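Chain residues, written in single-letter form:
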Amino acid sequence: MTDALDLEPGPAAVGTLVGLAGLTFLLEPVVGPVPVGGLRVRPVALSAAVLAAALVLGAVVFYRRGRRLFALAHGVFGLAWTGIVLGTATGSGSLLLGGVLVLIAGCGFLASRARER
């Protein structure tokens, strides 16, 4: 076969992060907390953080491709998920609530944008 695998770096990086998030999520029942810096972190928490990074990176990739609505959706949900993850990790109710509010407002905004199309 002469066809080479043609991978673009941006989408490949996003896909790799999503796959890594899924893998760390599935490892939760099998693996105990893992050392990250000076902390011991459960794999499910790492999974949530990696997924947040994938969403934010997805926003950049879609924006650079000219897909503004998809970029906006990834950006909104990446920001909301990051707030939820950080709020949970730090025990900050304000940050957690902020992430949830961004998620709700973002859903409403994106639904209205999609309806306009």
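So, how was this worked out
- Here the residue index of a chain counts from 1 through its sequence in written order.
- Per-residue local features are limited, in this predicted model, to residues with pLDDT of at least 70; the limit for side-chain atom pairs, both in listing and counting, is 80 or more; totals at the level of whole chains, interfaces and linings are taken over all residues.
- Neither water nor hydrogens contribute to the side-chain values; these are computed over all heavy atoms in the structure.
- Helix and strand definitions here come from DSSP, where helices need a minimum of 4 consecutive H or I residues and strands a minimum of 2 consecutive E residues; each element is numbered from the N-terminal end.
- Burial classification: accessible surface area is computed with a 1.4 Å probe over protein chains only, and a residue below 20% of its type maximum counts as buried, one above 50% as exposed, and the rest as partly exposed.
- The contact definition used throughout considers only heavy atoms, calling two residues in contact when any of these lie within 4.5 Å.
- For salt bridges, the criterion is a side-chain nitrogen of Lys or Arg within 4 Å of an Asp or Glu carboxyl oxygen.
- Distance and chemistry together define a polar contact, namely a pair of N or O atoms within 3.5 Å, with one atom able to donate a hydrogen and the other to accept it when in protein, and with adjacent residues in sequence counting only for side-chain atoms on both sides.
- Inter-axis angles, ranging from 0 to 180 degrees, are taken between N-to-C directions of lines fitted to C-alpha atoms, where helices are fitted over the stretch in contact.
- What sets the label is the angle itself: under 35 degrees gives roughly parallel, over 145 gives roughly antiparallel, 65 to 115 gives roughly perpendicular, and the rest give oblique.
- Put simply, a crossing is left-handed when the front helix is turned counterclockwise from the back one by less than a right angle, and right-handed when it is turned clockwise.
- Under this grouping Gly is polar, as are all residues other than the nonpolar Ala, Val, Leu, Ile, Met, Phe, Trp, Tyr, Cys and Pro and the charged Asp, Glu, Lys and Arg.

Draft legend 1. Fine view of the overall build of the protein chain. Summing up its helical and strand segments, the protein chain has 4 helices and 2 strands in all. Listed N to C, the secondary structure of the protein chain is α-β-β-α-α-α in terms of helices and strands. A principal-axis box enclosing the C-alpha atoms of the protein chain has dimensions of 50 × 45 × 20 Å. A burial count over the protein chain gives 22% of its 117 residues as buried. Taking contacts inside the protein chain between residues at least 6 apart in sequence as the whole, the part at least 24 apart equals 45%.

Draft legend 2. Region of interest: the pattern of salt bridges. On inspection of all chains with the given rule, the structure shows 2 salt bridges. Glu8 is the partner of Arg65 in a salt bridge, and the nearest nitrogen-oxygen pair spans 2.5 Å. On the criterion of sequence distance, the pair formed by Arg65 in the loop between helix H2 (43–64) and helix H3 (68–90) and Glu8 in the segment before helix H1 (9–26) is long-range, its members being 57 residues apart. Residue Arg42 is joined to Glu28 by a salt bridge in which the shortest nitrogen-to-oxygen separation is 2.9 Å. On the criterion of sequence distance, the pair formed by Arg42 in the loop between strand S2 (39–41) and H2 and Glu28 in the loop between H1 and strand S1 (34–36) is long-range, its members being 14 residues apart. Of the residues examined, Arg42 reaches a relative accessible area of 47% and is grouped as partly exposed.

Draft legend 3. Summary view of the environment of Leu96. Inspection of the secondary structure assignment puts Leu96 in helix H4 (residues 93–116). The exposure class of Leu96 is partly exposed, given its relative accessible area of 31%. Taking C-alpha positions, Leu96 is 7.5 Å from Val85, a pair spaced 11 residues apart along the chain. Not counting the four nearest positions on each side in its chain, Leu96 is found in contact with Gly83, Ile84, Gly87 and Thr88.

Draft legend 4. Quick look at the side chain of Thr24. Structurally, Thr24 is set in helix H1. Within the structure, the side chain of Thr24 is placed 3.0 Å from the backbone oxygen of Ala21, a separation counted as a polar contact. Beyond its immediate sequence surroundings of up to four residues, Thr24 is in contact with Pro43, Val44, Leu46 and Ser47.

Draft legend 5. Region of the structure containing the side chain of Ser47. Here Ser47 is to be found in helix H2. In this structure the side chain of Ser47 is engaged in a polar contact, spanning 2.7 Å, whose partner is the backbone oxygen of Ala21. Apart from the residues lying within four places of it in its own chain, the contact partners of Ser47 are Ala21, Thr24 and Phe25.

Draft legend 6. Structural view of the packing of H1 against H2. Where H1 contacts H2, the axes come no closer than 8 Å and their chain directions differ by 165°. Taken together, H1 and H2 sit at an angle that is classed as roughly antiparallel. H2 is crossed by H1, and the crossing has left-handed handedness. Here H1 contributes Gly10, Pro11, Ala13, Val14, Leu17, Val18, Leu20, Ala21, Thr24 and Phe25 to the contact with H2, which in turn contributes Pro43, Val44, Leu46, Ser47, Val50, Leu51, Ala53, Ala54, Leu57, Gly58 and Val61. Tallied by class, the residues present in the contact of H1 with H2 amount to 17 nonpolar, 4 polar and no charged.

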